[in-house]
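Each chain is listed here by its residues.
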Amino acid sequence: RKALSSWLLNFTNRLQQLDEWQNNPLEIPKVTMLSYLVNPQSFLTAINQVAAQRNQWELDKLVTYSEVTRFASIENVDKINPEGAYIGGLSMQGARWDTNSNVIDKSKP
């Protein structure tokens, strides 16, 4: 269970992301927090559709590729990703991301 204060902060952040996107709906934000979206899979599908149209590729032959960046926070991202989208708001259970080795590692006790 979440405390009311953390729920309210999360709700405020969700509204802020939607409000910023509403101001320019044809442009993908610099960073999209997937955890703020009700249906994040639809956002990922839309990214594939935009890439297919932009490059005149067949949609059913696209492969989603993910790369972990070294941005310490979303404020460090200075421009939109020209090849797709920067996303945030992901979490892992039972593992952790080792920033030194750039690999998934066992979680610390």
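Refer to the structure above for everything that follows.
Summary of the structure given here. Residue indices begin from 1 for each chain and proceed along its sequence in written order. Confidence filtering applies because this is a predicted model: local features only for residues at pLDDT of at least 70, side-chain atom pairs given and counted only at 80 or more, and all residues used for totals across whole chains, interfaces and linings. Here the side-chain values reflect all heavy atoms present in the structure, with hydrogen atoms and water set aside.

## Details of the overall build of the protein chain
Going by this rule: Helix and strand assignments follow DSSP, with helices taken as H or I runs no shorter than four residues and strands as E runs no shorter than two, numbered in order from the N terminus. Categorising residues by exposure relies on relative accessible area from a 1.4 Å probe, with only protein chains included: less than 20% of the type maximum marks a residue as buried, more than 50% marks it as exposed, and the intermediate range marks it as partly exposed. Note on definitions: a residue-residue contact is assigned when non-hydrogen atoms from the two residues lie within 4.5 Å. Positive charges come from Lys and Arg, negative ones from Asp and Glu, while His and the chain ends are left out of the count. Note that the charge is assigned to NZ on lysines, CZ on arginines, CG on aspartates and CD on glutamates.
Each helix and strand in the protein chain was counted, giving two helices and four strands. Taken from the N to the C terminus, the helices and strands of the protein chain come in the order α-β-α-β-β-β. The dimensions of the protein chain, computed from C-alpha atoms along their principal axes, are 50 × 35 × 25 Å. Taken over 109 residues, the protein chain has a buried fraction of 18%. A separation threshold of at least 6 residues defines the contact pool for the protein chain, and within that pool the share at least 24 residues apart is 43%. For the protein chain, the distance from the average position of its 11 positive side-chain charges to the average position of its 11 negative side-chain charges is 9 Å.

## Focus on unusual backbone geometry
Here the phi dihedral of Gln56 falls at roughly 55°; this positive angle occurs in a residue that is not glycine. Within the secondary structure, Gln56 sits in the loop between helix H2 (40-55) and strand E2 (86-88). The backbone of Asn102 sits at a positive phi, close to 60°, despite the residue not being glycine. In this fold, Asn102 is placed in the loop between strand E3 (95-98) and strand E4 (103-106).

## What to know about the packing of aromatic side chains
For any pair of aromatic rings, the description consists of the separation of the ring centres together with the inter-plane angle of the planes. Convention followed: Any pair of Phe, Tyr and Trp rings, taking the six-membered ring for Trp, is counted once the centres come within 6.5 Å. Such a pair is stacked with planes under 30 degrees apart, edge-to-face with planes over 60 apart, and tilted for the rest.
Per the counting criterion, the structure on display carries three aromatic pairs. A centroid spacing of 5.7 Å and a plane angle of 80° characterise the contact between Trp21 and Phe43, whose relative ring orientation is edge-to-face. Remark: Phe43 occurs in helix H2 and Trp21 occurs in helix H1 (residues 4-23); sequence separation between them is 22 residues.

## Re the pairing of E3
Stated formally: Pairing between two strands requires that DSSP report at least two bridges joining them.
As judged from the four bridges shared by E3 and E4, these two strands associate in the antiparallel manner. Residue pairing for E4: Arg96 is matched across the bridge by Asp105. Between the end of E3 and the start of E4, which pair antiparallel, lie four residues, with Asn102 showing a positive phi angle near 60°.

## Describing a nonpolar patch on the surface
We apply this condition: Patches draw on residues past 30% relative accessible area with no salt bridge. Two like charges within 9 Å are joined, as are two nonpolar side chains (Val, Leu, Ile, Met, Phe, Trp, Tyr) within 5 Å. Every accessible area reported is derived by Shrake-Rupley at a probe size of 1.4 Å, with residue values counting cover from the shown protein chains alone. Any Lys or Arg side-chain nitrogen found within 4 Å of a carboxyl oxygen on Asp or Glu counts as a salt bridge.
On the surface, Leu4, Trp7, Leu8, Phe11 and Leu15 cluster together into a nonpolar patch covering about 520 Å² of accessible area. Checked against the element boundaries, Leu4 lands in helix H1.

## Section: empty space enclosed by the protein
We count it as follows: Here a cavity is any set of points on a 1 Å grid over the protein atoms alone where a 1.4 Å probe fits but cannot get out, and a pocket is any open set with protein on both sides within 12 Å along at least 5 of 7 lines; a residue lines the site when it has an atom within 4 Å of a point. Grid points are joined across faces, edges and corners, and a volume is the space filled by probe spheres set on the points. Residue polarity follows a fixed list, in which Ala, Val, Leu, Ile, Met, Phe, Trp, Tyr, Cys and Pro are nonpolar, Asp, Glu, Lys and Arg are charged, and the others, Gly among them, are polar.
Evaluation of the coordinates by the stated rule reveals one cavity of 30 Å³ or more. Estimates place the volume of the largest cavity at around 40 Å³. If you go around the largest cavity, the residues you meet are Ile28, Ile47, Val50, Ala51, Arg54, Glu83 and Gly84. Residue composition of the lining of the largest cavity, grouped by class: four nonpolar, one polar and two charged.

## Examining H2
Keep this limit in mind: Expected span, for any helix, means 1.5 Å times one less than how many residues it has.
The end-to-end C-alpha distance of H2, which contains 16 residues, comes to 23 Å, matching closely the 22 Å that a straight helix rising 1.5 Å per residue would cover. Where H2 is buried, its residues contact H1, strand E1 (31-33) and E2. Where H2 terminates, the next one or two residues include Gln56, which has phi positive at roughly 55°.

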